[in-house]
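Residue strings, one per chain:
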Amino acid sequence: MLPKVDPTITKSWANLSELASRHKGNIKDLFTEESDRVAKYTHQMGDFVFDFSKNDVSNEVFNNLIGLANECNVQRGIEAQYSGEFINETENRSVLHTSLRDCSQANPHLKEVRNELEKIKAFSQKLHSGKWLGYTGKQITDIVNIGIGGSDLGPKMITHALQNSWKKIKPHFISNIDAQQLNEELDGLNPESTLFIIASKTFTTQETMTNADSAKNWFLNQSGKEEAEIAKHFVAVSTNKEAVSNFGIDLKNMFVFWDWVGGRYSLWSAIGLSIAGTVGYEKFEELLKGAHEMDNHFKEAPMEKNIPVIAALIGIWYNNFLNYSSLAILPYDHRLRFLPAYLQQADMESNGKYVNRNGSKVNYETGPILWGEPGTNGQHAFYQLIHQGTKIIPTEFIAFAKSEHQQEDHHEKLLANFFAQPKALLMGKSQEQVKEEMGDNIIDSLVPFRVFEGNRPSTSILIKELTPYNVGKLIAYYEHKIFVQGLIWNIFSYDQWGVELGKQLAKPILKEIKEQKVGDHDESTKSIIAYYFKMRN
Ligand code: F6P
């Protein structure tokens, strides 16, 4: 069992509170006060440079954050996770997504993991060699992943990150219960050469099962074939054999994973079938290897040099002591355009919790609000608030030194912005600078609008190039960071009870909708449902 320490009773928490009360918020000064700041807060790891130096963290704060990690037994928590302890206590499960990317003999799940990888390999080789044939003998040209949450966001984010490596098969993703998405994605697809992957850990999720049924009907209507042809066009990824079989998918077309893999941590399992099916198995394996490098670092590096731990601690300082409640993820790469959405689930479903590991309500903040957009689009949308708004938004900038395209001019401009924005956030622009810029044409009344206070925090992650290996490593960094924050907040990061109530309430309301009868609800809900009935008729 994980130690259940209330972080607020630790000595480090008290110290940090005291430091926050006399916090000046002058990051620029930290660079003059701490001459080794850049070296100390920059960590190179293979192709990665993590630059934490522009964060509002003094050495004194940093030391106390490390103290907090120690007092909250973070190292012990990491060991508990890796050793397969049932740290997901409310679901009575261990948490071993790291085993999915560990090919060493030390991995207790090596055999089943390797078995499934072999199946994924054979499947994707068959697809790419043109040996998997549809009902008319045509090769597969399109795969459609039907899943939601962790059964959608990870594969979708990774396949798009690796878009330049797509082989001949185009991936499509259907998640929303809104049939608009289903129809848009199916429009133009040929049933003869389309393969559906029904991805659902439970195989009971309303959205996925509704979309899967509709996709099956679409296939049968379009093809004019019988259920028997389903085997050539539908495969499943799940932990629920019975439901897969009841749906009509042959169990030999089923890929499995296990209850020790959480939904939002599952892209490394067979849930990544659409990744392997799109970019090939070798690249999928590279992704796993990259993540494994970060896993080893996370397990072995001392707290003060442990990159996910450092990122987690900085986030805790902002969230719990400086009251900065959100975090902007800003990938300067179009290929990572789905990263913010992916991380929203990873982070907010893991750490958006007000009940601690003892079952009591916490009296401190937990998970931050995570959001973001790729640069430079965000610069022309919400950066105004990040630079001059009343809220301080910690930011995380991500870019790759090399591009995969030949338009160097574009990439240099992209990178110039990636460097300029964190600098602008840090350095700002003083009144004197504004006046000097205005020169003889100075209009005093306009000066305040052009001043930037600066001292706004950011982390920069610069990576040599976007490879499957490096993407795997980046995502594992975030997974571990989230876990460390959950450890310190004394919450269970691997359950998600908060998504249940809405699902539960939707069921009887659906019945009412079908029967056109407003049921017994609060007055407001009754009223809006009644409006709906009037409008639809
Ligand atoms: O939103 C709740 C959730 O359980 C997520 O944790 C999960 O990723 C998603 O639903 C999909 O679940 P499943 O893979 O079982 O369909």
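Rules used throughout
Residues numbered from 1 in each chain as written. Predicted model: local features only at pLDDT ≥ 70, side-chain atom pairs only at ≥ 80, totals over all residues. Heavy atoms only, no water. Axes fitted to C-alpha atoms, helices over the stretch in contact; angles between N-to-C directions. Helix = DSSP H or I, 4+ residues; strand = E, 2+ residues; numbered from the N terminus. Parallel < 35°, antiparallel > 145°, perpendicular 65-115°, else oblique. Left-handed = near helix turned anticlockwise from the far one by under 90°. Contact = heavy atoms within 4.5 Å. Near = heavy atom within 4 Å. Polar contact = N/O pair within 3.5 Å; in protein donor to acceptor, adjacent residues only side chain to side chain. Areas by Shrake-Rupley, 256 points an atom, 1.4 Å probe, with all protein chains shown as cover. Nonpolar A, V, L, I, M, F, W, Y, C, P; charged D, E, K, R; others polar. Domains from an automatic or database assignment. Pairing = 2+ DSSP bridges. Core = buried A, V, L, I, M, F, W, Y, C linked by side-chain atoms within 4.5 Å. Buried < 20%, exposed > 50% of the residue type's maximum accessible area, 1.4 Å probe, protein only.

Caption draft 1: Highlighting the packing of helix α13 (residues 307–321) against helix α19 (residues 468–488). For the pair α13 and α19, interaxial distance at closest approach is 8 Å and the crossing angle is 50°. Classified by the angle their axes make, α13 and α19 are oblique. Where α13 crosses over α19, the handedness of that crossing is right-handed. In this structure, α13 contributes Ile307, Pro308, Val309, Ala311, Ala312, Leu313, Gly315 and Ile316 to the contact, and α19 contributes Tyr477, His480, Lys481, Val484, Gln485 and Ile488.

Caption draft 2: Up close: the site of the ligand. Neighbouring residues of the ligand: 14 residues in total, closest Ser151, Ser200, Thr202, Thr205 and Glu349. For the ligand, an oxygen atom lies 2.6 Å from a polar atom in the side chain of Glu349. For the ligand, the accessible surface in isolation is 390 Å², of which the surrounding protein chains cover 87%. Residues of the shell around the ligand, tallied by class, amount to two nonpolar, nine polar and three charged.

Caption draft 3: Expanded view of the domain arrangement of the protein chain. According to the domain assignment, the protein chain contains domain 1 (26–85 + 301–405 + 462–495), domain 2 (99–285) and domain 3 (499–536). A C-alpha centroid distance of 34 Å is found between domain 2 and domain 3.

Caption draft 4: Quick look at the sheet that holds strand β8 (residues 326–331). The six strands lie next to each other as β1-β2-β11-β10-β8-β9, forming an open sheet whose pairing is mixed. Across the chains shown, the open sheet's two edge strands, defined by having one partner strand only, are β1 (42–45) and β9 (369–371). Adjacent strand axes in the sheet meet at a mean angle of 15°, parallel and antiparallel pairs treated alike. Two strands pair when backbone bridges link them, and β8 and β9 are joined in this way by three bridges, in the parallel orientation. Bridge assignment links Ser326 to a residue of β9, and that residue is Ile369.

Caption draft 5: Main features of the nonpolar core. Counting 133 residues, the largest nonpolar core has Trp317, Leu339, Leu474 and Tyr477 as the members making the most contacts within it. Here this core spans two domains, since at least three of its residues come from each of domain 1 (26–85 + 301–405 + 462–495) and domain 2 (99–285). Excluding its chain neighbours within four sequence positions, the residues that come into contact with Leu339 are Met157, Ile329, Ile398, Leu474 and Ile475.

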